[in-house]
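One-letter residues, chain by chain:
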Amino acid sequence: MKKLLLSIAIASMFSSVNAQKQLILYFSETGTTEAVAKELKQQINADMERIETVVPYSGNFQETIQRSQREMQNGETPELKPIKSKINDYDVIFLGYPIWFGTYAMPISSLVKNNDFAGKTIVPFCTFGSGGLNTSSDALKKALPKAKIMTGYGVRTARVAAASKELDRFLKENGYKKGSVEKLPEYSAQLPVTDEEKTIFDEACSGYQFPLGTPQTVGKRQTPDGMDYMYTVKGRGQNGDNATSIIYVTVNKGAKPEFTQVVR
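Figured I'd write up the structure that's included with this text. Quick caveat: nothing in here was measured; it's all calculated off a predicted structure. (Residues numbered from 1 in each chain as written. Predicted model: local features only at pLDDT ≥ 70, side-chain atom pairs only at ≥ 80, totals over all residues. Heavy atoms only, no water.)

### Some details on the overall build of the protein
Cut-off, in case you're wondering: Helix numbering and strand numbering both begin at the N terminus, where a helix is a DSSP run of H or I of at least 4 residues and a strand a DSSP run of E of at least 2. Contact definition: two residues touch when any of their heavy atoms are within 4.5 Å. With residues, only the protein chains shown are counted as cover, and all accessible areas are computed by Shrake-Rupley using a 1.4 Å probe. Neither His nor the chain termini are counted; the positive set is Lys and Arg, and the negative set is Asp and Glu. Where a charge sits is defined by one atom per residue type, namely NZ (Lys), CZ (Arg), CG (Asp) or CD (Glu).
The secondary structure content of the protein amounts to seven helices and 12 strands. Within the protein, residue pairs in contact and separated by at least 24 positions form 66% of the contacts whose partners lie at least 6 positions apart. Carbon and sulfur atoms make up 50% of the accessible area of the protein, which totals about 14,700 Å². Both charge centroids of the protein, one from 33 positive and one from 28 negative side chains, sit 4 Å from each other.

### Brief notes about helix α7 (residues 195-205)
The line we're drawing: Only protein chains enter the accessibility calculation, which uses a 1.4 Å probe. A residue is then buried if its area is under 20% of the maximum for its type, exposed if over 50%, and partly exposed in between. The arc in question is formed by the directions pointing from the helix axis toward the C-beta atoms.
Residues of α7 that are buried: Glu197, Ile200, Phe201, Ala204 and Cys205. The buried residues of α7 occupy an angular sector of 115° when projected down its axis, which confines them to one face. In α7, those exposed residues whose orientation departs by more than 90 degrees from the buried face are Asp195 and Glu196. Against the buried residues of α7 lie β8 (191-192), β9 (214-223), β10 (226-236), β11 (242-252) and β12 (258-263).

### Some details on helix α5 (residues 133-143)
Every buried residue of α5 is accounted for by Leu133, Ser136, Ser137 and Leu140. Down the axis, α5 shows its buried residues gathered within 100° of arc, on one side only.

### Here's the deal with the packing of aromatic side chains
The condition that has to hold: Only the six-membered ring of Trp is used, alongside the rings of Phe and Tyr, when aromatic pairs are assigned; centres must lie within 6.5 Å, and planes under 30 degrees apart are stacked while those over 60 apart are edge-to-face, with the rest tilted.
Here the structure, examined in full by the defined rule, presents 12 aromatic pairs. Geometrically, the ring pair formed by tyrosine 153 and phenylalanine 170 is tilted, given 6.0 Å between the ring centres and 45° between the ring planes. Remark: phenylalanine 170 occurs in helix α6 (residues 163-173) and tyrosine 153 occurs in strand β7 (residues 153-156); sequence separation between them is 17 residues. The class for phenylalanine 170 is buried, based on a relative accessible area of 9%. A network of ring pairs unites the aromatic residues Phe94, Tyr153, Phe170 and Tyr176 as a single cluster.

### A closer look at the sheet that holds β8
Condition: DSSP calls a pair of strands paired once it identifies at least 2 bridges connecting them. Angles run from 0 to 180 degrees between N-to-C directions of axes, and those axes are lines fitted to C-alpha atoms, restricted for helices to the stretch in contact.
What the five strands build is an open sheet, ordered β8-β9-β10-β11-β12; its pairing is antiparallel. Strands with a single pairing partner mark the edges of an open sheet, and in this sheet they are β8 and β12. The pairing of β11 with β12 spans five bridges and is classified as antiparallel. Along β12, the bridge assignment pairs valine 249 with phenylalanine 259. Most of the contacts of α7 go to β10, to which it runs at about 80°, and overall it touches β8, β9, β10, β11 and β12.

Put into C-alpha cells, the structure is as follows:
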C-alpha cells in the first residue's frame, strides 16, 4: 500500500511539472552559457530565448571587464533588445548567465530592473571561472522578492563538457525532468588535510590563473563516479585581506582531479 501511494505521489509530481510551461532565458557573451542553455533545452524541451543587448559586448575579456566596471561604477545597465517571449505565459523560467565580478552579468541586471517576475519560479544556471552560483542566486533573491528563486546549477567554463551529465542529475533531483538518480551521500566531517589530499588539491587547482589559497581541512564522499572533496581553504580575499573559502574538487575514476567551484 505504501509503495502504491509513493508511486501515485511521484506520478502526480511529474504530472504537475510537465503541466508547467517552462522558458529558458539566457545571456551569453562568448557562447559558453549558450552551450549550457542548449543542453538544457535538449533535456527538458522548453522554449528558449537569448537575451541580447542593443550595444553588444565585444567578447574580448579585457574590454568586457572595462565596460562592465564602468557601468557598475556609474550605476548604468545596458539597454536590452525587447524580449519576444511573453513572460506572463510561463510558470518556470530557467535564467542563465555568465558570472562577472562574482555575480550575474550586467545584462541580467537590466532584465531584473525592468521585470519583477512576480509569481514566477526562477531556476538560475550559470557559467564561471571559479564560482558565483551562490552569490548570484542571493542577488536574484534580493532583486526579485516577488519571485521564487530555486536552487540553481553552475559549471566552470573549463568543465562545460561535464554539463550534460550534471544537468541530468540536477533536473531529476529537483523534479524538472522524469526519472530518478541515486542520492549522493553527505560529506564526511572536516579533518586536517593529509599530504595525499594536499596533492589532489594542488593537481586540481594548478591550472587556474589565480592562487586559490592553502587547504586546511577536508571532507569527502564516495560517488558512483569516484570521490568528491570539500576543502576549507585559507587565502587572500579580493581586498587583500585574509579570507576563508570552500573549494570543491572531484576525482572521477581514471581521470585527473578537477575543482568544480569556489564558494566564498
